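The chain contents come next:
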Amino acid sequence: MLKINPVMQKDLRITSRNARFYWGLFAYEAILAIGFYVVFKIVLGINSYNSRYYDVTDVYRSFISFFPALMAIQAGIITIIIPVMTGSAITDEKGHQTFDILRTTPLSCTRIVTGKIMSSVIRTMTFVIAGIPIMAFSFIVGGLNWIHLPIFLLITIVYSFMLGSLGVMCSAYSKKTTGAIVKAYIIYILLYVLSFIPFGFGQLYASKLFSYFFLCANPIVLYVNFLMAIVGEGSIFAYLYEHQTIGLPAVMCSFWVTTAVSLVIMILLSILYIKIASRKINPLKGKE
Amino acid sequence: MLKIEHLVKSFGAKRAVDDISFEVKDGSLFGFVGPNGAGKTTTIKMICGLLKQDSGTITINGIQSGGSAKEGAAIKRCIGYVPDFFGVYENFKVSEYMEFYGSIYGISSADMKKLTEDLLALVNLTGKENEYVDTLSRGMKQRLCVARALIHNPALLVMDEPSSGLDPRARVEMKEILMNLQSLGKTIIISSHILADIAEMCDSVGIMSQGKLVAVDTIQNLLSHGAVAGTSVMEGFSGTDGNESTDNLVSPDEAAAIKEGIAENSIGNPSITSGAINQDIRINIHIKSNIEEAVTVAKEFDGIKVVSVRAQELSVTCKEDDEYINRFIMEVMRRGCILYGFERQKVDLETMFMELTSNSK
């Protein structure tokens, strides 16, 4: 029988009793609803302006953009809130003087870290799943494939797991929660920006495979790829392939392959962050 | 149960624990005392696996620490740790708190209910299962921490200042719990600043100062030996300038002569346990002149042990026998030493502690 991680269970129990969690959920839904309303108004505005030139099918097609818009809003919120959730994972335990007690138990440091990460992923997915009714408006007008929602959920789970493991790693290396959050944001920015650099050099030095994997590691590229697939524009890598800016076989630039590679890279990054964090908090291995 | 050999730990240039060795036998209650910064908490943390030693070995229940992960987990199952500060999870009930730690040790929910009841009864917290942990008083939290440490029935309980910050009643309750646990066969190590409690409860004591273990023995032996590797001779200049701080010192030559005399008289090894005469009072003799002769007289009396020598004060321990003490004083005076007073004080752990740790500031 699967053993539930005690740290995860404890964190979820404590969080569920805190009013802040429910206020956060309310704020999340409110932002999503406002975002939906703004996109709705924009789409309606464009269509009424262009009503002389487009027929009704074009109008319905434009409604498909709700889903990517809501997806982008959720990805943005998750990117901001997960470091805040996980930044206090280890620093709070130290602050409450419970960390040492935890480390004297047979619970391994890896299990402590994964328990913290899993509790943040579950809380995040609670928010995302609670937003599905709002996202469901996008499905009313049709044009969306049923597979898009589970793909979105899978991408979000893996992305949340990577962000969570990064946040816990930063928490393990920080004395204060604020410091952990700042470190996590800095690493994000580096990840988003630096992953484009090899692509730029790739054009000069023809190291296409190197730049391909770096682009796949970028969560923005992953979501844009998915977005383009939803609106029927192929994928970002297919676009680059067509314009001969990336000299790889066509199959490697397909949506499914690039998405799979991106998810695997994120999982590998998560494992790396977990290992680093576990080693740091292990009193017999990490530096004091 | 616990064996520590040549343990060393440094933080940068500061040596927090400097080559200490001691043993704690099964079922005993060992007290760890020392001034702030002596290295007690560092030592305790190394025992519990919260700090890695620079060198030396720690063996618990026959398993040496620093081995494989499996051995590490086995050691952790032997230890119950109670830190000096009770950490609280907010919005957590007492029963949930116990259940959380029970689940870590693989105890099922069904067994936890009965175990929680029994442990809470042991620490006098019956009926508190549904109360939130952060609403308990400090004393209750500390007792809950003890209950939590006993969940997995550890052989060794390590407690860092368990009575710290407790009111007198809570201290008495904690003491009773510890004595109770000892009677159940638990081996307990406690560090504390409350020497009276240590003297009352503990079978043996280790006194640390500036990272070193200056004394370790049973309470009885420590008190009966009196001078334990710490016989002090205050060197400096004899009083000529009227300065009080130097008036009380002896010259280097006088110190060398006195030390030689004391070396034959005192016990240099902190672990000696045999051959002790029951000596339970201390006499401070204020001598105006000829203190070397007074030390010689002390050597000649079998029941007298020299503790410390200053320029105008000789401290000795001896058995509480008025006639014997009288004979000693009379002999000191007969040999030409001019006394201007003496006082007697009971040798207890506090006076031993103050004497042995007098160099740490």
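How each quantity is defined
- The residue numbers shown here count from 1 along each chain, following its written sequence.
- Note on labels: chains are lettered from A, ligands numbered from 1, in written order.
- For this predicted model, a pLDDT threshold of at least 70 governs which residues receive local features, and a threshold of 80 or more governs which side-chain atom pairs are given and counted, while totals over whole chains, interfaces and linings are taken from all residues.
- By convention in this description, side-chain values take in all heavy atoms of the structure and omit both hydrogens and water.
- Comment: elements are numbered from the N terminus, with helices defined as DSSP H or I runs of at least four residues and strands as E runs of at least two.
- Each residue is placed in one exposure class: buried if its accessible area under a 1.4 Å probe, protein chains only, is under 20% of its type's maximum, exposed if it is over 50%, and partly exposed if it falls in between.
- We call two residues contacting when some pair of their heavy atoms lies within 4.5 Å.
- Each accessible area is a Shrake-Rupley estimate made with a 1.4 Å probe; only the visible protein chains count as cover when residues are assessed.
- Paired strands are those between which DSSP finds at least two bridges.
- Look down the strands so they point away from you; if going from the first strand over the helix to the second traces a clockwise path, that crossover is right-handed.
- In this description, buried area is defined as the sum, over both parts, of the accessible area (probe of 1.4 Å) that is lost when the two are combined.
- A side-chain nitrogen of Lys or Arg and a carboxyl oxygen of Asp or Glu constitute a salt bridge if their distance falls within 4 Å.
- What qualifies as a polar contact is a pair of N or O atoms within 3.5 Å, subject to a donor-acceptor requirement within protein and to the restriction that residues adjacent in sequence count only when both atoms come from side chains.
- Here a pair means two rings of Phe, Tyr or Trp (six-membered ring of Trp) with centres within 6.5 Å. Their orientation is stacked below 30 degrees between planes, edge-to-face above 60, and tilted elsewhere.
- Counted as over-ring charges are cases with an Arg CZ or a Lys NZ within 6 Å of the ring centre that also lie within 35 degrees of the ring normal.
- Axis geometry follows a simple rule: fit a line to the C-alpha atoms, using only the stretch in contact for helices, then measure angles between N-to-C directions, giving values from 0 to 180 degrees.
- Note on angle classes: values under 35 degrees are labelled roughly parallel, values over 145 roughly antiparallel, values of 65 to 115 roughly perpendicular, and the remainder oblique.
- For a crossing to be left-handed, the near helix must be turned anticlockwise from the far one by less than a right angle; the clockwise case is right-handed.
- Three classes are used, and their members are as follows: Ala, Val, Leu, Ile, Met, Phe, Trp, Tyr, Cys and Pro are nonpolar, Asp, Glu, Lys and Arg are charged, and the others, Gly among them, are polar.

1. Some details on the overall build of chain B
- Within chain B, the regular secondary structure consists of 13 helices and 15 strands.
- Here chain B holds 361 residues, and 51% of them are scored as buried.
- Counted over contacts in chain B with a minimum sequence separation of 6, partners at least 24 positions apart contribute 70%.
- Split by element, the accessible area of chain B, about 16,100 Å² in all, is 48% carbon and sulfur.

2. Quick notes on the environment of P6 of chain A
- Note that P6 of chain A resides in helix 1 (residues 6-16).
- Separated by 109 residues in sequence, P6 of chain A and G115 of chain A place their C-alpha atoms 7.3 Å apart.
- Setting aside its immediate chain neighbours within four residues, P6 of chain A contacts L107 and R111 of chain A together with F100, S103 and I104 of chain B.

3. What about the pairing of strand 8 (residues 187-191) of chain B?
Residues and elements named next belong to chain B.
- When you tally the buried positions in strand 8, you get five out of five residues, the bulk of the element.
- Of the two faces of strand 8, both are covered, the one formed by T187, I189 and S191 as well as the one formed by I188 and I190.
- Pairing of strand 3 (residues 29-33) with strand 8 involves four bridges; the strand directions are parallel. From the neighbouring strand, G31 faces strand 8, where its bridge partner is I190.
- By the bridge criterion, five bridges tie strand 7 (residues 156-160) to strand 8 in an arrangement that is parallel. Across the sheet, residue L157 finds its bridge partner in strand 8, namely I188.
- After leaving strand 7, the chain enters helix 6 (residues 168-183) and then returns to the sheet as strand 8, a path that is right-handed.

4. Digging into the interface of chain A and chain B
- Each partner contributes residues to the interface: chain A has 22 residues there, and chain B has 30 residues.
- Roughly 2,600 Å² is buried in total at the junction of chain A and chain B, and carbon and sulfur atoms are behind 62% of that figure.
- At the junction of chain A and chain B, the tally comes to two salt bridges.
- Where chain A packs against chain B, one counts four residue pairs in polar contact (both at pLDDT 80 or more).
- Elements represented by at least two residues in the side of chain A that touches chain B include exactly helix 1 and helix 5 (99-103) of chain A.

5. Observations concerning the packing of aromatic side chains
- Enumeration over the complete set of coordinates arrives at 24 aromatic pairs over all chains.
- For the ring pair Y212 of chain A and F213 of chain A, a centre distance of 5.4 Å and an interplane angle of 75° mean the geometry is edge-to-face.
- Residue classification places F213 of chain A among the partly exposed residues on the basis of a relative accessible area of 37%.
- Members of the aromatic cluster, each reached through a chain of ring pairs, are Y89, F92, Y97, F100 and Y101 of chain B.
- Across the ring face of Y101 of chain B, the terminal group of R148 of chain B is positioned such that the distance to the ring centre comes to 5.3 Å.
- The ring of Y324 of chain B has K319 of chain B lying over it, and the distance from NZ or CZ to the ring centre is 5.2 Å.

6. With respect to the sheet that holds strand 8 of chain B
Residue and element names in this part refer to chain B.
- An order of 6-7-8-3-9-10 is seen for the six strands of this open sheet, with the pairing classed as mixed. Edge positions in the sheet fall to strand 6 (79-82) and strand 10 (212-218), since each of these pairs with one other strand and no more. Within the sheet, the average angular offset between the axes of one strand and its neighbour, ignoring direction, is 15°.
- Relative to strand 10, strand 9 (residues 204-209) is paired through six bridges, and the arrangement is antiparallel. Counterpart to G206 in the pairing with strand 10 is V216.
- In this fold helix 1 (residues 40-47) packs onto strand 3, strand 6, strand 7, strand 8 and strand 9, with an angle of close to 150° to the strand it touches most, strand 7.
- Across the sheet, helix 6 lies against strand 3, strand 7 and strand 8, angled at about 150° from strand 8, the strand it touches most.

7. Things to note about unusual backbone geometry
Residue and element names in this part refer to chain B.
- Even without being a glycine, H6 presents a positive backbone phi close to 50°.
- By secondary structure assignment, the location of H6 is in strand 1 (residues 2-11).
- The phi torsion at N290 lies on the positive side, around 65°, for a residue other than glycine.
- Considering the arrangement of structural elements, one finds N290 in the loop between strand 12 (281-289) and helix 11 (291-300).

8. Notes on the sheet that holds strand 5 (residues 63-64) of chain B
Residues and elements named next belong to chain B.
- Read from one edge of the open sheet, four strands run 2-1-4-5, paired in antiparallel fashion. The outermost strands of the open sheet, each flanked by one partner alone, are strand 2 (14-24) and strand 5.
- Summarising the sheet, strand 1 and strand 4 (residues 55-60) pair through five bridges and their orientation is antiparallel. Bridge pairing in strand 4 links E5 to T57.
- Contacting strand 1, strand 2 and strand 4, helix 1 runs over the sheet at an angle of about 120° to strand 1.

9. Description of the side chain of N218 of chain A
Residue and element names in this part refer to chain A.
- Mapped onto the elements of the fold, N218 is located in the loop between helix 11 (208-217) and helix 12 (219-230).
- Residue classification places N218 among the buried positions, given a relative accessible area of 0%.
- Polar contacts involving the side chain of N218 include one to the main-chain carbonyl oxygen of Y192, which spans 2.9 Å.
- If near-sequence neighbours (up to four positions away) are discounted, N218 is found in contact with L191, Y192, S195 and F196.

10. Looking at the packing of helix 6 (residues 109-130) of chain A against helix 8 (residues 148-172) of chain A
Residues and elements named next belong to chain A.
- In the contact formed by helix 6 and helix 8, the axes pass within 9 Å of each other and the chain directions differ by 140°. The angle between the axes of helix 6 and helix 8 places the two elements in the oblique class. As helix 6 packs across helix 8, the resulting crossing turns out to be right-handed. Where helix 6 abuts helix 8, its residues V113, K116, I117, M118, S120, V121, T124, M125 and V128 lie against F152, L153, T156, I157, S160, F161, G164, S165 and V168.
- Looking at the contact of helix 6 with helix 8, its residues break down into eleven nonpolar, six polar and one charged.

Honestly, that's just the spatial picture; any functional story needs more than this.
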